[in-house]
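Summary of the model geometry
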Amino acid sequence: MSDPTFAGAGYAEGPGFNAMWRELEPLGRCRETSGYRRFAWTPQDADCRAWFRAQAVARGLHHEIDGNGNQWAWLGDRSAGGAVATGSHLDSVPDGGAFDGPLGVVSAFAALDELHRRGARPQHPLVVVNFTDEEGARFGLSCVGSRLATGLLDRAQAAELRDAKGTGLLHAMERAGHDPEFVGPDPERLAALSAFVELHVEQGRALADTAHPVGVASAIWPHGRWRFDFSGEGNHAGTTRLADRRDPMLTYAGTVLAAREEARLAEALATFGRVDVEPGAVNAIASRVSGWLDSRAADEETLDRVVAGIERAAVERGGRDGVQVAVVRESFTSRVVFADALRDRLARRLADRAGPVPVLPTGAGHDAGILAGSVPTAMLYVRNPTGVSHAPAEYATEEDCLAGVTALADVLEELAC
Ligand code: GLV
Ligand code: MN
Ligand code: MN
């Protein structure tokens with residue numbers, strides 16, 4: 001299968017965008033919240049992965065799973081090189097929306113169908129990818145599949161990752177039927193790619209009040225996750241005098257407020273979105289509180305300043321509360337600036353159809369940001385009328401999703417044909 005054309009690969013058009021969306025929609029959705037719980041290497045994730053495989057097979061694409069668990073659906077032979085990749089991820093944050101990730105994967109298959117209908121003749125292989133564990137909801141680190149492939153995360157570090165129940169990442173992979181023997185860098189597969197284009201729902205409102213359903217990414221803010229451990233003294237809530245307490249919850253609360261203030265002053269972002277309390281009894285003062293900080297800023301100097309300020313405030317407050325504070329940086333992603341030449345080429349191509357397209361930075365992390373250090377990478381954003389993301393209200397209209405598919409087909413045609 002070295003002929004990368006649709007005819008050469010025996011391509012069969014698959015179900016349309018809406019049919020794919022309907023099939024994927026119920027997988028991993030929680031009835032009570034309507035949010036998605038598609039965490040890496042769980043049965044819900046397996047359902048999504050089976051869906052991906054079925055889409056590949058239905059189109060006659062060659063489906064493969066790399067050593068890190070990322071799924072690839074090839075039109076044409078990888079060994080030909082120069083492949084143009086597109087796709088995103090199918091996992092979610094806890095109670096996430098339907099679009100973050102899946103929109104890029106569904107649009108990728110739909111864009112191949114559109115190119116087929118256009119009679120496009122790819123000169124290079126095209127490949128749809130589902131990167132595993134982008135959100136890091138289960139093991140705490142985002143973009144695990146792409147970090148492993150690019151070597152930004154090594155096998156030994158991956159082996160240290162644990163979920164809340166203490167299950168190791170490699171063990172979870174194995175239990176889900178993926179042999180972890182080949183977890184690690186994958187330079188050969190990445191060297192076969194000439195470009196990666198990730199389409200994503202916009203996670204803000206930059207497009208919402210414009211006439212543009214699609215924008216192009218310029219940069220991703222540097223961002224990271226820090227675990228703050230506050231250690232005090234567990235004691236009785238009904239008998240311990242206020243003056244005698246060493247309550248880590250107080251220090252945690254003070255730190256959350258300080259984070260908000262540091263972020264406001266620096267025009268950055270700082271969020272404590274997860275907290276773990278021991279022992280977690282209503283009638284006991286906590287002995288330990290762990291809070292996870294997500295912080296992002298336009299540049300690394302500002303981000304360093306914000307996090308250092310939050311840490312200082314935590315230690316100062318801990319001193320007053322008799323609480324020890326320890327801070328561990330669990331992950332960090334540097335500022336990503338997408339390749340100018342590729343971005344400008346895609347923007348020009350999109351402008352042919354719809355006039356100049358907005359070029360936007362974002363505070364959200366993506367596999368595209370991780371791959372950008374190894375492969376020329378670009379992103380397209382599809383308008384989100386409310387800007388809500390990582391929550392069930394995340395949304396894009398059908399019309400805008402279909403405009404996204406057309407835009408993606410245009411840029412794949414530009415790059416591969
Ligand atoms: C992923 O969506 C992130 O920005 O954390
Ligand atoms: Mn996300
Ligand atoms: Mn995403």
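Residues numbered from 1 in each chain as written. Chains lettered and ligands numbered in written order. Predicted model: local features only at pLDDT ≥ 70, side-chain atom pairs only at ≥ 80, totals over all residues. Heavy atoms only, no water.

The next subject is the site of ligand 1. Taken together, Glu135, Arg296, Ala364, Gly365 and His390 form the complete shell of residues around ligand 1. One nitrogen or oxygen atom from the side chain of Glu135 is found 3.2 Å from an oxygen atom belonging to ligand 1. His390 is positioned with one of its side-chain polar atoms (N or O) 3.1 Å from an oxygen atom of ligand 1. Protein contacts shield 94% of the accessible area of ligand 1, which totals 200 Å² for the unbound molecule. Here the shell around ligand 1 is built from residues that sort into one nonpolar, two polar and two charged. (Near = heavy atom within 4 Å. Polar contact = N/O pair within 3.5 Å; in protein donor to acceptor, adjacent residues only side chain to side chain. Areas by Shrake-Rupley, 256 points an atom, 1.4 Å probe, with all protein chains shown as cover. Nonpolar A, V, L, I, M, F, W, Y, C, P; charged D, E, K, R; others polar.)

Our focus in this paragraph is the layout of surface pockets. Volume-wise, the second largest pocket comes out at about 170 Å³. Looking at the second largest pocket, the residues that line it are Ala211, His212, Pro213, Val214, Leu350, Arg353, Ala354, Val357, Ala403, Ala407 and Asp410. Elements represented by at least two residues in the lining of the second largest pocket include exactly α10 (340–354) and α12 (398–416). The class makeup of the residues in the lining of the second largest pocket is eight nonpolar, one polar and two charged. (1 Å grid on protein atoms, 1.4 Å probe; cavity = no way out; pocket = protein on both sides within 12 Å on 5 of 7 lines; lining within 4 Å. Points joined across faces, edges and corners; volume = space filled by probe spheres on them. Helix = DSSP H or I, 4+ residues; strand = E, 2+ residues; numbered from the N terminus.)

Let us look at the pairing of strand β4 (residues 126–131). Where burial is concerned, most of β4 is hidden: six out of the six residues are buried. In β4, alternate side chains face the same way, and those of Leu126, Val128 and Asn130 on one face and Val127, Val129 and Phe131 on the other are all buried. Bridge count for strand β2 (residues 71–75) against β4 is five bridges, and the pairing is antiparallel. Looking at β4, one finds that Ala73 is bridged to Val128. (Buried < 20%, exposed > 50% of the residue type's maximum accessible area, 1.4 Å probe, protein only. Pairing = 2+ DSSP bridges.)

This next bit is on the sheet that holds strand β11 (residues 288–296). With antiparallel pairing, four strands are arranged side by side in an open sheet as β9-β11-β7-β12. In the strand order of this sheet, the two ends are held by β9 (269–278) and β12 (324–333), each with one partner. Taken over all neighbouring pairs, the strand axes of this sheet differ in orientation by 20 degrees on average, direction set aside. Taken together, the nine bridges between strand β7 (residues 223–231) and β11 define a ladder with antiparallel strand orientation. When the bridges of β11 are listed, Arg225 appears paired with Asp294. (Axes fitted to C-alpha atoms, helices over the stretch in contact; angles between N-to-C directions.)

Our focus in this paragraph is the packing of aromatic side chains. We describe a pair of aromatic rings using the distance from one ring centre to the other and the angle between the two ring planes. By the definition in use, this model includes 13 aromatic pairs. For the ring pair Phe99 and Tyr395, a centre distance of 6.1 Å and an interplane angle of 85 degrees mean the geometry is edge-to-face. In this pair, Phe99 is assigned in the loop between β3 (83–89) and α3 (102–118) and Tyr395 in the loop between β15 (377–382) and α12, connecting sequence segments 296 residues apart. Tyr395 sits in the partly exposed class, given a relative accessible area of 39%. When the centroid spacing of 5.9 Å and the interplanar angle of 70 degrees are considered together, the rings of Phe230 and Tyr252 count as edge-to-face. Of this pair, Phe230 sits in strand β7 while Tyr252 sits in helix α8 (residues 248–266), placing them 22 residues apart in sequence. Considered together, Phe230 and Tyr252 belong to a single accessibility category, that of buried residues. Cluster of aromatic residues (ring-pair linked, three or more members): Phe17, Trp21, Phe99 and Tyr395. Geometry around Trp292 places Arg274 over its ring, the cationic atom sitting 3.9 Å from the centre. (Phe/Tyr/Trp six-rings, centres within 6.5 Å; stacked < 30°, edge-to-face > 60°. Lys NZ or Arg CZ within 6 Å of the ring centre and 35° of its normal.)

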